[in-house]
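# Structural overview
Residues per chain, in single letters:
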Amino acid sequence: MQRTCGELGVTIIAYNSLGQGLLTDNLTEERFADNKPAKMMGINWVDLIPLRTALRDIADAHSGSTAKVGDSSVEKRVSMAQVALCWCRKHNTIPLVGCRSKQQAEDTLASLSLHLRSEEVAALDTLALKKCTLDSPPWRRKFFVALAGVVMVACRWLDELGFGVVERVEA
């Protein structure tokens, strides 16, 4: 698919590029136990450890340098999410990220200045591409597509009723 999209000049949007938080620093084994998408996809905590460890190691390798902020220098800290987003961009995709806080938005923006080396990308490829969502049973994929369709129809209906309108607030 990626090759065909490239030939047609279509850029792929990487939906769920942080795996519902599975590829972020904030995830703990306790929080993972409540992660419904992971349960639906049959992902186990132990299956995630190698990928999460690689993301953390790469993040640590890129952390520590100082960046100039105004008149002072600040130590640069790279997050696992930044590495995961950069990895998506290295595959010529645009990662779609839902930021729930100012810190998450800043972290996402900081990922734009991160540059992974080819061996880091290859290491992540080896780990991340071991499990594919297409490995799940066909009924589960069909159910997910149907559910997404229902959500889209419901959102359009709510928009028509005026509930989806976002009003701008002037500061």
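For the structure given in this document, a descriptive report is provided here. (Residues numbered from 1 in each chain as written. Predicted model: local features only at pLDDT ≥ 70, side-chain atom pairs only at ≥ 80, totals over all residues. Heavy atoms only, no water.)

## Observations concerning the side chain of Ser79
The topology assignment puts Ser79 in the loop between strand E3 (72-75) and helix H5 (80-90). The exposure class of Ser79 is buried, given its relative accessible area of 5%. A distance of 3.1 Å separates a polar atom in the side chain of Ser79 from the backbone nitrogen of Gln82. Beyond its immediate chain neighbours, meaning those up to four positions away, Ser79 contacts Asp25, Arg56, Ala59 and Asp107. (Helix = DSSP H or I, 4+ residues; strand = E, 2+ residues; numbered from the N terminus. Buried < 20%, exposed > 50% of the residue type's maximum accessible area, 1.4 Å probe, protein only. Polar contact = N/O pair within 3.5 Å; in protein donor to acceptor, adjacent residues only side chain to side chain. Contact = heavy atoms within 4.5 Å.)

## Things to note about the nonpolar core
Core analysis: the largest hydrophobic core is formed by 21 residues, its most contacted members being Leu55, Val83, Trp87, Leu114, Leu116 and Leu124. Sorting the residues of this core by element identifies helix H4 (45-62), H5 and helix H7 (118-128) as the ones contributing at least two each. Once residues lying within four places of it in the same chain are set aside, the contact partners of Trp87 are Leu116, Val121, Leu124, Asp125, Ala128 and Leu129. Judged by nonpolar contacts, the second largest core, of seven residues, contains Leu22, Phe32, Ile43 and Leu48. (Core = buried A, V, L, I, M, F, W, Y, C linked by side-chain atoms within 4.5 Å.)

Remember, this is a structural readout, not a statement about activity or role.
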